[in-house]
Amino acid sequence: MAKTKRAYVCSDCGADFPRWQGQCSACAAWNTITEFTVPKTRAAVGAVSGGGASSYAGAATKVQKLSEVESKDLPRYSSGISELDRVFGGGIVPGSVLLLCGDPGAGKSTLLLQSIGSVAATKSSLYVSGEESIHQISQRAKRLGTQNLDNINVVAETSVEAIIEHIRAQKAEFVIIDSIQTMTVAHNDSAAGSPSQVKESAAALTRFAKTEGVTFMIVGHINKDSNVAGPMQLIHIVDGLFALSSTADEKFRVLRTSKNRFGADSESCFFAMTETGMKQVKNPSAIFLSRSDKNHAGSVCTTLWEGTRPLLVEIQALCNNSVTENPRRLTVGYDNNRLAMSIAVLARHGGVMLSDMDIFVNCVGGIKIEETSADLSVLLAIFSSFKNAPVPQDVLVFGEIGLNADIRPAANGVERIREAVKQGFTRAIVPKANASRQVPGIEIIAVEDLQEALTAFERVAL
């Protein structure tokens, strides 16, 4: 009998080592190296009788000229949830493998159970659970009012080989795997959830999906650092990675795209968690702009570009005299480094010294800003708090700040302004390059540098 080979793999970057060590020398992460069982031989992968995960692994392949390969434009089909379809890139592509990860209780299983109810109307569907019994799944489905229960097959199974046999027997076209961390393959001796089992299970399901045209929606866990639990290869294997998280107040769920081979990789959508499941939020700007009627100093509205649509949010800033030698700089939803840059630009080019003040910046609603178009709104929110001068609620601000105090344009500026008009804004302070086209219903104040932006601020607020 061949001796079992073992390696040690970093769960963050996927680097392998001959022995265990505390720190990964490839990515410098600590305590991420775990033991990995290497499959004994290739024959072990194909040792399952009756087809299973191996019947396609060793199938004969044919080399063809790229020009001779038939290009197939596979039609997408709907998940039954329009916002989910938009994040997927316009619907579900047959034969794709999509990974949905998130915190415990975020609503991953709930969202997929609602989706499979709609898909089952036209596609043979199978729900595979490795964590719950079929009775628990049935109870939740009835509570959520899931449609087409008679067309949804369900099985509690963790063996990949057995799952593939069930898929063949049921001729399933749409399969949910809940979750990949509970799946195992027979040729691997590691425990379920280990990096090797997660990698081999995902690889086997992906090979089957590509050869048979079966769509897999896979649920994945995350670790304490909010990264996908398991080896980095898991992210490379799947066609799409989607993260479901909660906003700061736990009222809403945000689904963001991290990887998508069939659509934009920066899309996001919002859901409200209710007793009857996840409800779509088709106009998230109205939620994040629900402010009081009274104007407050330090509050400025801006617009972000989320995937293929604008999103209006409120930026809050607070300046307060510091009682410590080192004033605090605290942000929630905004990058600390960009805050430091904005403060430096405001001091150097605006003559506003804030070195003795604590500064706090918050993006309302738990939204995380990952683009630079919010720089000007953050800077003016800080200036508004410093001057104790409220900005009227009908004013929108966006633009990127450079170190030389110039204000650079943002992508899709006209679409951002049009969304502001829909939400009732009547004035907008924007970069000059974004003001080339007039939008009916709103006064556009074009600015080129910081001094012009501060002058525009005084015009609308003082």
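Small disclaimer: the values here were computed from a predicted structure and weren't measured.

**A look at the pattern of salt bridges**
Okay, step 1: One pass over the structure, following the stated rule, counts twelve salt bridges.
Okay, step 2: A salt bridge links Glu-267 to Arg-86, with the shortest nitrogen-to-oxygen separation between them at 2.6 Å. Of this pair, Glu-267 sits in the loop between β10 (252-260) and β11 (268-274) while Arg-86 sits in helix α2 (residues 82-88); the two residues are 181 residues apart in sequence, bridging distant segments of the chain. When sorted by exposure, Glu-267 lands in the same class as Arg-86, which is buried.
Okay, step 3: The salt bridge partner of Arg-427 is Asp-394, with a shortest N-O separation of 3.1 Å. Here Arg-427, found in strand β20 (residues 427-431), pairs with Asp-394, found in the loop between α10 (375-387) and β17 (395-397); they are 33 residues apart in sequence, far enough to count as distant.
Okay, step 4: Look at Asp-394 and you get partly exposed, because its relative accessible area is 22%.
Okay, step 5: When salt bridges that share partners are traced, they join Glu-83, Arg-86, Glu-267 and Arg-309 into one network.

**A short note on the UniProt feature "domain: RecA family profile" (unreviewed entry) in the chain**
Okay, step 1: Residues annotated in UniProt with the feature "domain: RecA family profile" (unreviewed entry) correspond here to residues 73-222.
Okay, step 2: As annotated, residues 73-222 has a helix share of 39% and a strand share of 18%, and its two end C-alpha atoms lie 34 Å apart.

**Considering the state of the cysteines**
Okay, step 1: Enumeration over the complete set of coordinates arrives at zero disulfides.
Okay, step 2: Cysteine Cys-101 remains unbridged, with the sulfur of Cys-269 as its closest cysteine sulfur at 14 Å.
Okay, step 3: Cys-301 carries a free sulfur, and the closest cysteine sulfur to it, the one in Cys-363, is 11 Å from it.
Okay, step 4: The exposure class of Cys-301 is buried, given its relative accessible area of 1%.

**Structural notes on the packing of aromatic side chains**
Okay, step 1: A complete count under the given rule lists three aromatic pairs for this structure.
Okay, step 2: Aromatic side chains Phe-88 and Phe-242 sit 5.0 Å apart centroid to centroid with 65 degrees between the ring planes, which places their arrangement in the edge-to-face category. Of this pair, Phe-88 sits in helix α2 while Phe-242 is found in strand β9 (residues 240-246), placing the two residues 154 residues apart along the sequence.
Okay, step 3: Look at Phe-383 and Phe-457: their rings are 5.2 Å apart centre to centre, the planes differ by 75 degrees, and that puts the pair in the edge-to-face class. A residue pair is termed long-range when its members are at least 10 positions apart, and Phe-383 in helix α10 and Phe-457 in helix α12 (residues 450-461) qualify at 74 residues.
Okay, step 4: A relative accessible area of 3% means that Phe-383 is categorised as buried.
Okay, step 5: Accessibility expressed as a relative area gives 1% for Phe-457, which makes it buried.
Okay, step 6: Sitting over the face of the ring of Tyr-77, Lys-123 holds its NZ or CZ atom 4.7 Å from the ring centroid.
Okay, step 7: Between Arg-416 and the ring centre of Phe-398, over which it is positioned, the NZ or CZ distance is 5.7 Å.

**As for the nonpolar core**
Okay, step 1: Counting residues in hydrophobic clusters, the biggest one holds 52 residues, and the most contacted among them are Val-361, Leu-376, Ile-382 and Ile-429.
Okay, step 2: In this structure, Val-97, Val-160, Phe-216 and Val-238 belong to the second largest nonpolar core, which totals 33 residues.

**As for unusual backbone geometry**
Okay, step 1: Each neighbour pair has its own omega, and for Asp-178 with Ser-179 the value is 5 degrees, a cis peptide bond.
Okay, step 2: Examined against the element boundaries, Ser-179 turns out to sit in the loop between β7 (174-178) and α6 (195-212).
Okay, step 3: Here the phi dihedral of Lys-171 falls at roughly 55 degrees; this positive angle occurs in a residue that is not glycine.
Okay, step 4: If you trace the backbone, Lys-171 turns up in the loop between α5 (160-170) and β7.
Okay, step 5: Positive phi, close to 75 degrees, is recorded for Ala-405, a residue that is not glycine.
Okay, step 6: In this fold, Ala-405 is placed in the loop between β18 (400-401) and β19 (407-408).

Rules used in this analysis
Residues numbered from 1 in each chain as written. Predicted model: local features only at pLDDT ≥ 70, side-chain atom pairs only at ≥ 80, totals over all residues. Heavy atoms only, no water. Salt bridge = Lys/Arg side-chain N within 4 Å of Asp/Glu carboxyl O. Helix = DSSP H or I, 4+ residues; strand = E, 2+ residues; numbered from the N terminus. Buried < 20%, exposed > 50% of the residue type's maximum accessible area, 1.4 Å probe, protein only. UniProt positions renumbered as here; feature names shortened; annotations may be inferred. Disulfide = S-S within 2.5 Å. Phe/Tyr/Trp six-rings, centres within 6.5 Å; stacked < 30°, edge-to-face > 60°. Lys NZ or Arg CZ within 6 Å of the ring centre and 35° of its normal. Core = buried A, V, L, I, M, F, W, Y, C linked by side-chain atoms within 4.5 Å.

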